[in-house]
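# Reading the structure
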Amino acid sequence: METICCVDTLCEGVHFKRSTMKPADIGYKALAVNISDVAAMGGKPKYYLVSIAVPRGWSDDEVLEIYDGMQSLAQQQGFISLAVTV
């Protein structure tokens with residue numbers, strides 16, 4: 001069995017706009033594009049690892065909402081849930 005690892009960086013102004021997407025939607029999209037990449041390689045994801053760079057001005061609550069969006073998709077996909085701390 002092979003292991004596939006991938007990470008995509010979504011950038012504000014390129015991949016999303018805060019004015020049109022809620023933080024939870026941004027998190028959902030961020031995980032979805034990586035799931036898509038793994039599926040394109042014939043894989044079935046079980047876990048996800050997050051690398052996030054948050055610009056100044058985002059509140060802790062907004063960052064947690066990003067993780068909530070990821071967790072929502074992860075639960076739909078049957079991923080193993082891990083704790084999130086900010």
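The structure contained in this document is the topic of the report that follows. Throughout this document, residue positions are counted from 1 along each chain, in the order its sequence is written. Reporting in this predicted model follows two pLDDT cut-offs: at least 70 for local features of residues, and 80 or more for side-chain atom pairs to be given and counted; totals over whole chains, interfaces and linings ignore these cut-offs and use all residues. Each side-chain value is worked out from all heavy atoms of the structure, with water and hydrogens disregarded.

## Some points on a negative patch on the surface
Threshold: Residues enter patches when their relative accessible area tops 30% and they take part in no salt bridge; the joining distance is 9 Å for like charges and 5 Å for the nonpolar side chains Val, Leu, Ile, Met, Phe, Trp and Tyr. Every accessible area reported is derived by Shrake-Rupley at a probe size of 1.4 Å, with residue values counting cover from the shown protein chains alone. Note on definitions: salt bridges are taken to be side-chain nitrogens of Lys or Arg within 4 Å of carboxyl oxygens of Asp or Glu. Counted as positive: Lys and Arg. Counted as negative: Asp and Glu, with His and the chain ends omitted from the count. By convention, the charge on Lys lies at NZ, on Arg at CZ, on Asp at CG and on Glu at CD. A run of DSSP states H or I qualifies as a helix once it reaches four residues; a run of E qualifies as a strand once it reaches two. Both are numbered from the N-terminal end.
On the surface, a cluster of negative charge is made up of Asp60, Asp61, Glu65 and Asp68. Topologically, Asp68 is positioned in helix α2 (residues 60–77).

## Re the side chain of Asn34
Test applied: Here a polar contact is recorded for every N or O atom pair within 3.5 Å, except that within protein the pair must consist of a potential hydrogen donor and a potential acceptor, and residues adjacent in sequence are included only if both atoms are side-chain atoms. Two residues qualify as a contact provided that any one of their heavy atoms is within 4.5 Å of a heavy atom in the partner residue.
Inspection of the secondary structure puts Asn34 in helix α1 (residues 23–40). A polar side-chain atom of Asn34 sits 3.2 Å from the main-chain amide nitrogen of Asp8. The residues contacting Asn34, other than those within four sequence positions of it, are Cys6, Val7 and Asp8.

## Looking at the environment of Lys44
With respect to the helices, strands and loops of the structure, Lys44 is situated in the loop between α1 and α2. Residues Lys44 and Gln77, 33 residues apart in the sequence, show an inter-C-alpha distance of 9.6 Å.

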